[in-house]
Structure formats: C-alpha cells, structure tokens
Amino acid sequence: MCGIVGYIGDKEALPILIDGLKKLEYRGYDSAGIAIIGKDLTVVKTQGRISDLEKKLSTEEIQGTIGIGHTRWATHGIPNDINAHPHFSESKNIVVVHNGIIENYIEIKKMLIKEGKVFRSETDTEVIPYLIEEFYEGDLLKAVNKATDLLEGSYAIAVMSKNERDRFIVVRKDSPLVLGVGDHENFVASDIPALLQYTKDIIILENGDIADIHKDSYTIYDRDLKPIRRNIQRIDWKIEDAQKGGFKHFMLKEIFEEPNVIKEAMRGRIKGDSIEIPELKLTKEELSSINQVYFVACGTAYHAGLVGRYLVEKYLKIPSTAEVASEFRYRDPVIDKHTLLFVVSQSGETADTLAALRLGKAKGAKTIGIVNVVGSSVSREVDNVIYIHAGPEIAVASTKAYVAQVEVIALIVLYMAKILGCLETEEEKHLAKEFNALYDRANNIIQRCGEIADFVSTTKNIEETFYIGRNLDFALSLEGALKLKEISYIHAEGYPAGELKHGPLALITPNSLVIAINTYKPLREKTLSNIKEVKARGGKVLAIAEEGNSNIEEVADRVFYVPKTRDDLAPIVNIIPLQLIAYYMAETRGLDIDKPRNLAKSVTVE
Ligand code: F6R
C-alpha cells in the first residue's frame, strides 16, 4: 500500500499535494516525495514521513500548478531517498508515482538493461517510467497505455511529462484510485480523504481505466483507448472519518481489508496450478539437510508460527516447534546448521524476536524472516526475507498481518514440500484452487459481521471467556483469546479442547462464555463432546463450525458458520469471526479499540 495524489489547476500544487499526502499517511509512511512542473520538472523526495519531506522542501522554492505526490510503504527496495517516489525516466523527462507491485519487473528491467539503460533504484516501479519513455512519440496517453500493457501485477500510477505541461495520466489495475472533479481544477488520489477538503465530487476509477486529466476536463478511456463514462458520486463524509474509509476504527477497517490482503500475499506465489516462492533462496540440497524447524515470534506472530508448526510436521515430516521469542532467547536451544529458524514479525523490530534471531544465527541456524515492514531490522538480519505484503497496520491489535503471516507460512511450507518431492502435482493443483477460493470465503465471513455483532449483544453479563479447539483450531483459539483480552479487557484463555477436563472445567459457570472452534474435520466429534461437557456445567457456547455441520446446533447456544475450506488453509479465514468477536465486545463497551491501554504497536524494548 502506498498513497498517491495529483493536482492540475490554477492554484499552487505544492500545498495541495502535501495536504493530500498527510491524509494518506496511514497508507504508508517510510518515504515521501513530490514532482511539480513549473519552470522545470522538479522532484523532491526523502526517506521518512511527510514532515521530513516538508523540512526538505522548506529550503526550496517550488512553484507550479501541476504535480503528483507519493507516500511510500516499501515493497521492493528498502526505504531510502533513492527508492522513494516519484521516479524519473532515464532522460528525466517523465516522472511516475506508483502504488502496487509489478510482478514481472525483473524481466522488464533485464530487457531494458540489455538495451543499455541504467537504473537508479532497487524498486519495481522504476521500470514504468523507463518503459513509457521507450514508447513515447509525443503523446503521453498513448505511451502510458502501451507501457502498462506490458505490466503484470497491481498498479495505480500517475504520470507527468515535462513535454506536455497541461496534462497528467493515471491508470488503475487492482490498486485503488479516485478522481476529484473541481472547478477549473482536477485531482487524483489513492483514497477519498485526500480530496475532501477540495471537492466532494468523486469518480471511483475501475480496473483497466486510464484517465487523461487536464485543468478544465478529464477523459476516461478503456485499454483500447475508447472513451468510457464513469459516474460522479457526491461524497458527504466528514474529513476525520474519511481516513478510516468510513469505518469507526482502524481495526475494523483492517479486518475488512483481509480479503484483499489474502489476494496480495499470494500474488506471484500462486501461478495457475502451481505454488511458487520466487524469493526463497534455499536449494533442494540445503532443504534436504534440515532436521528441525523452529518458529520464533511474540504475541500474534507467535500464534501464526503455531499454525506453521502443524504444517511443517504434516508436509515436510520434520520435527517442528513454535516458541515465544522471550523464552527462546534465554534458553540454550539445541540448534545447529541443520536447523531452520522462521522468524515471524509484523514490524520486524520486536526486541525479543530480534534477540531470538541473533541467538539462532550465532548457533548456525538458517534463518527465514516472515515480515511485513520492508527494510526493518529482522528483514535485514535474516538470511532470507519473505514479505507478507499486508500494507501498514495502524491498529495496535494485529489482525490483517496474522492472516497474511499464516498464508505466507503455508505457501512457503507447501513450496518446500514441492521442492523436496513431498507434494503430488494433483495435490498442489487442489491447494492452488483452495488458495484462490480464500478471497471469496473471507468476504463471505466479513459480509456476515452483523451475525457476530448480534451475538455479542447477548453477552453483557459475561465475566470470563474460554476459547477451545483442537489441532489448528487450538492455534486459532489462542489468537482469538489474545485478541479479546487486549482490546476488550475481558479475561480470556485459549485451551486445547481435550485439556478442559484436566482443570479449566472447574471455572465454568453460567457467566462463562465458551467460544468453541470446531472446524478441523478429523477431530470434529471429539470437540463436540467437549462442548457437551461445557453445556452440562451451564456455560454459554458460541460454536464456530463449517457450513453443513449443523448437528452442532443441538449442542451450542449459537453457531457461526464459516465456508468449507481445506483444513490446512482454514485458519487464514477462520480467524476472522474471532477478530470480529473481540472487536464488537470492545465496541459495545465503548473502549479505545485502536489504542488499547498499556499496549504499543511495536515492542522494541524487552
Ligand atoms: C497482538 C499484537 C502483538 C504483536 C507482537 C509481535 O495483537 O499486536 O502481540 O503480535 O507484539 O509484534 P511483531 O509481529 O511486530 O513482532
């Protein structure tokens, strides 16, 4: 995720671009930049926040009434001044800002290097202005259209040329872009909040749209450059609400983003029927020499590692364990060069996780980072980083990062199984199909969030909560309980369902709520028996069960049905109802959901 703004009109572009970028800072904040055409085409960019860009700009006088700007969330190339957008073409006549990922940029870059082109950055984006320049014959619209024909992946881009000072061109495919229609001025942005101060007349561009924006007009074309009509919508949001896209909290917004997060995490990794991890550096020989696999992490990331542990045992047949990093770092784990250590971290800066990584490396383990923040400490220190591409997570409680962590771990484990010859082609095909189906299944759950809110409204007297499940459902129960305690402050514990009668059952009273996760097919009947044990002690039970498993209704007080999903991938979508339960529990209590008491987003101290 990154943020794009563009302006053309009679006013000075700079303050409008800076103001728009500030409204979009939630979409990315590791670097920022602007390009303005005045006397010349000027680009100013820097690593850091918009405030850092403002500082840099304070020593320059940049005038011009057409410009584009960008706030970056790095995906390719660490956050630094060079990788910041906008990016120039080779001659510096054309300039581009981009949100998304160009999957085939390496191929394009190699082709252009062969022709003698010299690149300046490590980004995937830079191939775009270079390609546009290749096709430029005096009409920017035609050149952009030809260049984008060659791009695979997702993109929203804005392009200006110093040879055509009265227009800029924008294109969208799988990354959002909106047009703001003004009086003798027009705007573009990645999201509506950036524009609301200037106009409430918004056009939401659709996939494949390419728009030619002038001061007094705009034309939207399809990819054959035939003009098309898009309706103007009048948006009446308040500016404060708009950054959250109309959601009351970032946490809810981030949960609603999960279907897209699922799609992004598999981009370039599910190709037709095939599972690929192009970034994985381990060779077949190195993989064959691995005799144990650790997942080390904290909190939610540790719970994602727990899922990974089950998958490694099942598919790689290698002993595996998930460990809380703050414990692992002070033990003397038996680790050597035959150990593979997965280090899972959204921020990539968690102090205990970093210490665990360093310990593992010192003992000779091979290390793979599953990280969201590009260029973070974990990403720099591991032997091999594989990004989850979840975009910035603003709410303290981690939601969409967990979904992407579990998905990327599953993809890596399955790809390793393929390399090691432990995954039949037919099974891989089935798995690829299941990955592709996750988007719709996640959407299905999210669309039914009202069912969860309704259930939560019946739980006013609840004093404590137990989450139970077996196997992968147990891993989910720990994460469900963590989410609830951190934002609703209700006491919650996750237990293996079979462990209940070894102690926790003594705590069950009519004021206890038990969330029974019963989706893991091989152990369905066993968990059902545990639910009966709870009911016999008067506890209230909400079951999370798969569609079709309706006999559970005879036992549980309420059932939330999740779509049928292959067990190995089910945690990726089945966590969503648990995140929603936590959210609505906190919401009905009127709590500060995005900033829960005593907690911080990135725990960089021990
Ligand atoms: C829970 C939560 C924390 C983090 C943990 C690790 O919602 O956000 O438990 O998961 O602090 O953080 P990262 O993944 O940044 O290492």
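Residues numbered from 1 in each chain as written. Predicted model: local features only at pLDDT ≥ 70, side-chain atom pairs only at ≥ 80, totals over all residues. Heavy atoms only, no water.

**Looking at helix α17 (residues 472-488)**
Residue pairs spaced three or four apart in an α-helix point in one direction, given the helix's 3.6 residues per turn. Note the following rule: Helix and strand labels come from DSSP, where a helix needs a run of H or I of at least four residues and a strand needs a run of E of at least two; each type is numbered from the N terminus. Every helix has an expected span of 1.5 Å times one less than the residues it contains.
Over its 17 residues, α17 runs 24 Å from end to end, which matches the ideal 24 Å to within 8%, given 1.5 Å per residue. A positive backbone phi angle near 60° is found at Tyr489, which sits one or two residues after α17.

**Overview of the site of the ligand**
How we decide: Consider each residue's heavy atoms; a residue with any of them within 4 Å of a molecule or strand counts as near. Any pair of nitrogen or oxygen atoms within 3.5 Å is treated as a polar contact; in protein, a donor-acceptor pairing is required on top of that, and neighbouring residues in sequence qualify only through side-chain atoms on both sides.
Inspection of the region around the ligand gives 13 residues, with Ser345, Gln346, Ser347, Thr350 and Glu486 positioned closest. At 2.6 Å, a side-chain N or O of Ser347 approaches an oxygen atom of the ligand. In this structure, an oxygen atom belonging to the ligand sits 2.8 Å away from a main-chain N or O atom of Ser398. Those elements giving two or more residues to the shell around the ligand turn out to be α10 (299-316) and α17. The biggest single contributor to the shell around the ligand is α10, with 3 residues.

**Details of unusual backbone geometry**
Rules: Burial status follows relative accessibility: with a 1.4 Å probe on protein chains alone, a residue under 20% of its type maximum counts as buried, one over 50% as exposed, and anything between as partly exposed.
Residue Pro86 is reached from His85 by a cis peptide bond, and omega for that bond is 0°. Looking at the element boundaries, Pro86 is found in the loop between β4 (66-72) and β5 (87-88). You will see that Leu225, though not glycine, has its phi angle at about 60°, which is positive. Secondary-structure assignment places Leu225 in the loop between β13 (218-221) and β14 (227-228). Accessibility expressed as a relative area gives 23% for Leu225, which makes it partly exposed.

**Focus on the side chain of Ser379**
Worth spelling out the cut-off: Residues are treated as being in contact if the distance between any of their heavy atoms lies within 4.5 Å.
Note on placement: Ser379 falls in helix α13 (residues 377-381). Given the relative accessible area of 8%, Ser379 is considered buried. A distance of 2.7 Å separates the side chain of Ser379 from the backbone oxygen of Ser376, its partner in a polar contact. Within the local environment of Ser379, its side chain forms a polar contact with the side chain of Tyr387, the two groups lying 3.4 Å apart. When neighbours within four sequence positions are excluded, Ser379 is seen to be in contact with Val371, Val373, Val374, Val385 and Tyr387.

**Considerations on the domain arrangement of the chain**
Put simply, the rule reads: An automatic or database domain assignment supplies the residue ranges for each domain. Once two parts are put together, the accessible area they lose, assessed with a 1.4 Å probe and summed over both, is termed the buried area. Basic side-chain nitrogens of Lys or Arg form a salt bridge, by our definition, when they fall within 4 Å of a carboxyl oxygen of Asp or Glu. Each residue gets one label: Ala, Val, Leu, Ile, Met, Phe, Trp, Tyr, Cys and Pro are nonpolar, Asp, Glu, Lys and Arg are charged, and the others, such as Gly, are polar.
In terms of domain boundaries, the chain breaks down into domain 1 (3-243), domain 2 (252-443) and domain 3 (448-588). On the side of domain 2, 13 residues touch domain 1, which itself brings 16 residues to the contact. It is Tyr26, Trp73 and Glu103 in domain 1 that bury the most area against domain 2; as a group they hold 41% of the surface buried on that side. Put simply, domain 1 and domain 2 have 2 salt bridges between them. Its salt-bridge partner being Glu103, residue Arg267 comes within 3.2 Å of it at the nearest N-O pair. Here domain 1 and domain 2 share 1 residue pair in polar contact (both at pLDDT 80 or more) between them. Among the residues making up the side of domain 1 that touches domain 2, the classes are represented as 7 nonpolar, 6 polar and 3 charged.

**A word on the packing of aromatic side chains**
Worth spelling out the cut-off: Between the rings of Phe, Tyr and Trp (Trp by its six-membered ring), a pair exists once the centres lie within 6.5 Å; its type follows the angle of the planes, with under 30 degrees stacked, over 60 edge-to-face, and the other angles tilted.
The final tally for this structure, using the stated rule, is 10 aromatic pairs. Geometrically, the ring pair formed by Tyr29 and Trp73 is edge-to-face, given 5.5 Å between the ring centres and 70° between the ring planes. Of this pair, Tyr29 sits in the loop between α1 (13-23) and β2 (31-37) while Trp73 sits in the loop between β4 and β5, and the two are 44 residues apart along the sequence. We classify Tyr29 as partly exposed; its relative accessible area is 24%. Members of the aromatic cluster, each reached through a chain of ring pairs, are Tyr7, Phe187 and Tyr198.

**Observations regarding the side chain of Glu393**
Structurally, Glu393 is set in the loop between β22 (384-387) and α14 (400-419). Within the structure, Glu393 has its side chain in polar contact with the backbone nitrogen of Lys400 (distance 3.3 Å). Within the local environment of Glu393, its side chain forms a polar contact with the backbone nitrogen of Ala401, the two atoms lying 3.0 Å apart. Every residue in contact with Glu393, bar those within four places of it in the chain, is listed here: Glu254, Gln346, Ser398, Thr399, Lys400, Ala401 and Lys601.

**Section: the sheet that holds strand β27 (residues 558-562)**
Keep this limit in mind: Only strands joined by at least two bridges in the DSSP assignment are considered to pair. Lines fitted to C-alpha atoms define the axes here, with helix axes fitted over just the stretch in contact, and angles between the N-to-C directions of these axes take values from 0 to 180 degrees.
Taken together, 5 strands build an open sheet; the order of strands is β24-β23-β25-β26-β27 and the sheet is parallel. The open sheet has two free edges, formed respectively by β24 (491-496) and β27, since each of these has just one partner strand. Between one strand axis and the next, the sheet turns through 20° on average, direction left out of account. Sheet topology places strand β25 (residues 512-518) next to strand β26 (residues 540-546); 6 bridges connect them, and they run parallel. The residue bridging Leu513 from the neighbouring strand is Lys540, located in β26. Those strands touched by helix α16 (residues 449-456) are β25, β26 and β27, and its axis lies near 160° from that of β27. Docked against the sheet, helix α18 (residues 524-536) engages β23 (464-469), β25 and β26, running at close to 170° with respect to β25.

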